[in-house]
Amino acid sequence: AAAPRRATCKASATAPPTPAEGAAGAAEAGGDSQGGGKVGVLLLNLGGPDRLEDVQPFLYNLFADPDIIRLPRGAEFLQPALAQFVSTVRAPKSQEGYRSIGGGSPLRRITEEQAEAIERSLAARGQSARVYVAMRYWNPFTEEAVRAIKADGIERLVVLPLYPQFSISTSGSSLRLIEQLFRGDEYLSQRLQHTVIPSWYQRPGYVSSMVDLMEREMLGGSFTGEADAVGRGDVHIFFSAHGVPKSYVESAGDPYKAEMEECVELIMDEVRRRGYSNAHTLAYQSRVGPVEWLQPYTDESIERLGAAGIKRLLAVPISFVSEHIETLEEIDIEYRELALESGVQEWGRVPALGLEEGFIEDMASAVLEALPTWAP
């Protein structure tokens, strides 16, 4: 699937949907105090299994998505069988991972809390809105949200993927599903005015919130020495991003790598503006299967840094705004253990943004900036 145009901080209004929409529940729909029409916000996210018995069907949904496993033209009919095979083989190991973080993913709970927080922030600014949560591969599914949007009579909608950077395999997949749901529905395609925020990694509020968390962890108890820019100057900042197959970028035009690199540079510009001169690395985690993924890989990069004599490492999960399996198990357990085995002596990990006030306020601002003009 082709990626949309290079995203900016602003959204663009569209009539029928483009690869850009998704949703499912939180709070009450209300009239718009800033222009008319009932307002809704759709938060898009991946989803995760609530219980260990959900792991295999969750993985099936994931691998049945052609944006996750891309088969050659003419072989698409093999997707369900392949998804069944891969999910069955991978389920036991994945269950071990989820068991180590409490038996299920916290992603739904955190995303619903974020939805409620954004709703409160909008209300405090005089904008009544209902914020929906749409998970791509588990409950609450996107289809449920779309039904709720219609039932609530939403008339103006802002679609906000909770992925700072756009990728075909994350935002793009959810947006394509919404496009399909909108296409055959008169209410959604003709009566509902909507805008899409494809990515928002450039927003100053997001960048500042990320650096706030980084600085807090940098100066906290994970590292010894004076708690200032000099005393912590040898802490290596290690950005770990969710990986995607290299072919997505080189063959399908996915802007993810370029957006990720620009995002890291914006964050490091703010780090330097605050008086820090720490070195940094960007690497990619969570690769699956035999194909080549974006490099450098997180595990190999940690080993190289350890071998190079790096003793203090600050891990920054740069693709994620909520804690889930890739932060709580992959980074906190697997990569921390690897770092210590590789010679790193002090390890810190920046938390995901979660309910960080500056982040929530920035997301509410993004919604207000993108809100379609009311045209009854």
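The rules we used
Residues numbered from 1 in each chain as written. Predicted model: local features only at pLDDT ≥ 70, side-chain atom pairs only at ≥ 80, totals over all residues. Heavy atoms only, no water. pLDDT = per-residue confidence, 0-100. Contact = heavy atoms within 4.5 Å. Phe/Tyr/Trp six-rings, centres within 6.5 Å; stacked < 30°, edge-to-face > 60°. Buried < 20%, exposed > 50% of the residue type's maximum accessible area, 1.4 Å probe, protein only. Lys NZ or Arg CZ within 6 Å of the ring centre and 35° of its normal. Axes fitted to C-alpha atoms, helices over the stretch in contact; angles between N-to-C directions. Helix = DSSP H or I, 4+ residues; strand = E, 2+ residues; numbered from the N terminus. Parallel < 35°, antiparallel > 145°, perpendicular 65-115°, else oblique. Left-handed = near helix turned anticlockwise from the far one by under 90°. Pairing = 2+ DSSP bridges. 1 Å grid on protein atoms, 1.4 Å probe; cavity = no way out; pocket = protein on both sides within 12 Å on 5 of 7 lines; lining within 4 Å. Points joined across faces, edges and corners; volume = space filled by probe spheres on them. Nonpolar A, V, L, I, M, F, W, Y, C, P; charged D, E, K, R; others polar. Arc of directions from axis to C-beta. Polar contact = N/O pair within 3.5 Å; in protein donor to acceptor, adjacent residues only side chain to side chain.

Considering the confidence of the model for the protein chain
Consideration 1: Predicted confidence across the protein chain gives a mean pLDDT of 90, with 91% of residues reaching 70 or more.
Consideration 2: Counting contacts from residues 1-29, a segment whose pLDDT is below 50, to residues more than four positions away or on other chains yields 107 contacts.

Remarks on the packing of aromatic side chains
Consideration 1: Going through the model one piece at a time under the given rule, you end up with four aromatic pairs.
Consideration 2: With centroids separated by 6.0 Å and ring planes inclined at 65 degrees, the aromatic side chains of Trp138 and Phe141 adopt a geometry described as edge-to-face.
Consideration 3: A residue is classified by how much of its surface remains accessible, and Trp138, at 10% relative accessible area, is buried.
Consideration 4: Here the aromatic cluster, defined as three or more aromatic residues joined through ring pairs, consists of Trp200, Tyr206 and Phe359.
Consideration 5: Seen from the ring of Tyr248, Arg70 lies directly overhead, with NZ or CZ sitting 5.1 Å from the centre.
Consideration 6: Positioned over the ring face of Tyr297 is Arg287, at 3.8 Å from the centre of the ring.

A closer look at the packing of helix H4 (residues 142-152) against helix H5 (residues 168-183)
Consideration 1: Viewed as axis vectors pointing N to C, H4 and H5 meet at an angle of 45 degrees, and their least axial separation amounts to 11 Å. Between H4 and H5, the angle is such that the two are oblique. Relative to H5, the crossing made by H4 is right-handed. Judged by residue contacts, Thr142, Glu143 and Val146 of H4 engage Leu177, Ile178 and Leu181 from H5.

Here we look at the pairing of strand S9 (residues 346-349)
Consideration 1: Side chains Glu346 and Gly348 project from S9 onto one buried face, and the interleaved Trp347 and Arg349 project onto a second face that is buried too.
Consideration 2: As judged from the four bridges shared by strand S8 (residues 312-317) and S9, these two strands associate in the parallel manner. The residue bridging Ala315 from the neighbouring strand is Arg349, located in S9.

Notes on empty space enclosed by the protein
Consideration 1: All chains considered together, the criterion is met by one cavity of 30 Å³ or more.
Consideration 2: When its volume is computed, the largest cavity comes out at roughly 60 Å³.
Consideration 3: If you go around the largest cavity, the residues you meet are Val211, Met214, Glu215, Met218, Ile237, Val271, Arg274, Tyr276 and Leu314.
Consideration 4: A total of four residues in the lining of the largest cavity trace back to one element, the largest contributor, which is helix H7 (residues 204-218).
Consideration 5: Looking at the lining of the largest cavity, its residues break down into seven nonpolar, no polar and two charged.

Looking at the sheet that holds S9
Consideration 1: The strand order across the open sheet built from four strands is S7-S6-S8-S9, with neighbouring strands paired in parallel fashion. Both edges of this open sheet fall to strand S7 (280-285) and S9, since each of them pairs with a single strand only. Averaged over neighbouring strand pairs, the angle between their axes works out to 25 degrees when direction is ignored.
Consideration 2: Sheet analysis places strand S6 (residues 236-242) next to S7, joined by six bridges and oriented parallel. By the bridge assignment for S7, Ile237 is matched with His280.
Consideration 3: Packing against the sheet, helix H10 (residues 298-307) makes contact with S6, S7 and S8, and its axis sits at approximately 165 degrees to S6.
Consideration 4: Lying on the sheet, helix H11 (residues 325-341) is in contact with S6, S7, S8 and S9; it crosses S9 at an angle near 170 degrees.

Overview of H4
Consideration 1: Those residues of H4 that sit buried are Thr142, Ala145, Val146, Ala148, Ile149 and Asp152. Viewed along the axis of H4, the buried residues span an arc of 160 degrees, placing them on a single side of the element. Exposed residues pointing more than 90 degrees away from the buried face of H4 are listed as Arg147 and Ala151.
Consideration 2: Close packing links the buried residues of H4 with strand S2 (39-45), strand S3 (130-135), strand S4 (156-161), H5 and helix H6 (186-191).
Consideration 3: Backbone geometry just after H4 places Gly153 at a positive phi near 70 degrees.

Considerations on unusual backbone geometry
Consideration 1: Going from Asn139 to Pro140, the amide bond is cis rather than trans, its omega being -10 degrees.
Consideration 2: Residue placement: Pro140 occurs in the loop between S3 and H4.
Consideration 3: Of the consecutive residues Gln295 and Pro296, the connecting peptide bond is found in the cis state with omega at 5 degrees.
Consideration 4: One can find Pro296 in the loop between S7 and H10.
Consideration 5: At Ser286, a residue that is not glycine, the phi angle is positive and equals roughly 70 degrees.

Details of the pairing of S2
The side chains of a regular strand alternate between the sheet's two faces.
Consideration 1: In terms of residue burial, S2 counts as a mostly covered element, since seven of its seven residues are buried.
Consideration 2: Here S2 shows no split at all, with Val39, Val41, Leu43 and Asn45 on one side and Gly40, Leu42 and Leu44 on the other all buried.
Consideration 3: With six bridges joining them, S2 and S3 adopt parallel strand pairing. Paired with Gly40 across the bridge in S3 is Arg130.

Section: the side chain of Thr195
Consideration 1: By secondary structure assignment, the location of Thr195 is in strand S5 (residues 193-196).
Consideration 2: A polar contact of 2.6 Å, which involves the side chain of Thr195, links it to the backbone oxygen of Ala370.

A look at the environment of Ile118
Consideration 1: Its location among the elements puts Ile118 in helix H3 (residues 107-124).
Consideration 2: The exposure class of Ile118 is buried, given its relative accessible area of 1%.
Consideration 3: Sequence separation between Ile118 and Pro376 is 258 residues; the distance between their C-alpha atoms is 26 Å.
Consideration 4: Here Ile118 is in contact with Leu43, Val131, Ile360, Met363 and Ala364, once residues within four sequence places are set aside.

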